[in-house]
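As a plain string of letters, each chain reads:
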Amino acid sequence: MDAALRASPQTHVVVIEQMRFNPPDLVVNRGDRVVWVNKDLFPHTATAASTAFDSRSIAPDGSWPYVAKRPGRYPYVCMLHPTMRGTLTVR
Ligand SMILES: [Cu+2]
């Protein structure tokens, strides 16, 4: 892959379905865009433990875009269903 292509930001999708984040663990490059898409019939959130990001309520059929700017490992949960967990790693 040439440098120009590699440098262009990518978009990654995390599907929220059946009370799960899929994929639960996602690794992206700095500057990439992550979109959480809620396919359940009730709202969810994607809320980093570190408060680095917080989608607030994502409605059914709704989505939330986030640009990952700061490198790090960010565990996150759904505030409405704390058993739902994921990790976003920005490198
Ligand atoms: Cu939830």
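Structure: above.
The structure contained in this document is the topic of the report that follows. The numbers attached to residues start from 1 for each chain and follow its sequence in the written order. Local features in a predicted model are, by the rule used here, given only for residues with pLDDT of at least 70; side-chain atom pairs are given and counted only at 80 or more, and totals for whole chains, interfaces and linings are based on all residues. Excluding hydrogens and water, the side-chain values take into account all heavy atoms of the structure.

Let us now look at the coordination of the copper ion. Metal coordination here is assigned from N, O and S atoms located within 2.8 Å of the ion, or within 3.2 Å for Na, K and Ca; omission of water means that sites may look incomplete. Bound to the copper ion on the protein side are His-44 (ND1), Cys-78 (SG) and His-81 (ND1), at distances that span 1.9 to 2.1 Å. All donors to the copper ion come from one chain, and their sequence spacing reads H-x33-C-x2-H. Taken together, the positions of His-44 in the loop between β4 (33–38) and β5 (47–48) and Cys-78 in strand β7 (residues 72–78) put the pair 34 residues apart, joining distant regions of the chain. For the purposes of this entry, the term helix denotes a DSSP run of H or I that reaches at least four residues, the term strand denotes a run of E that reaches at least two, and both are numbered from the N terminus.

Our next topic: the sheet that holds strand β3 (residues 25–28). If you trace the four strands from one edge of the open sheet to the other, you get β3-β8-β7-β5, paired in mixed fashion. Each having just a single partner strand, β3 and β5 make up the two edges of the open sheet. Two strands are said to pair when DSSP picks up at least two bridges between them. With seven bridges connecting them, β7 and strand β8 (residues 81–90) associate as antiparallel partners. For Tyr-74, the partnering residue across the bridge sits in β8 and is Leu-88.

This part covers the nonpolar core. Take the buried residues of types Ala, Val, Leu, Ile, Met, Phe, Trp, Tyr and Cys, join any two whose side-chain atoms come within 4.5 Å, and each joined set is a nonpolar core. For each residue, the accessible area found with a 1.4 Å probe, counting protein chains only, is set against the maximum for its type, and the residue is called buried under 20%, exposed over 50%, and partly exposed in between. One finds Phe-21, Trp-36, Phe-53, Tyr-76 and Leu-88 to be the most contacted residues of the largest nonpolar core, which totals 20 residues. Only β1 (11–17), β3, β4, β6 (63–67), β7 and β8 provide two or more residues apiece to this core. Residues are treated as being in contact if the distance between any of their heavy atoms lies within 4.5 Å. Ignoring any residue separated from it by four or fewer positions in sequence, one finds Leu-88 in contact with Leu-26, Val-28, Val-34, Trp-36, Phe-53, Tyr-66, Gly-72, Arg-73, Tyr-74 and Tyr-76.

Note that all results are geometric; they support no functional claim without further evidence.
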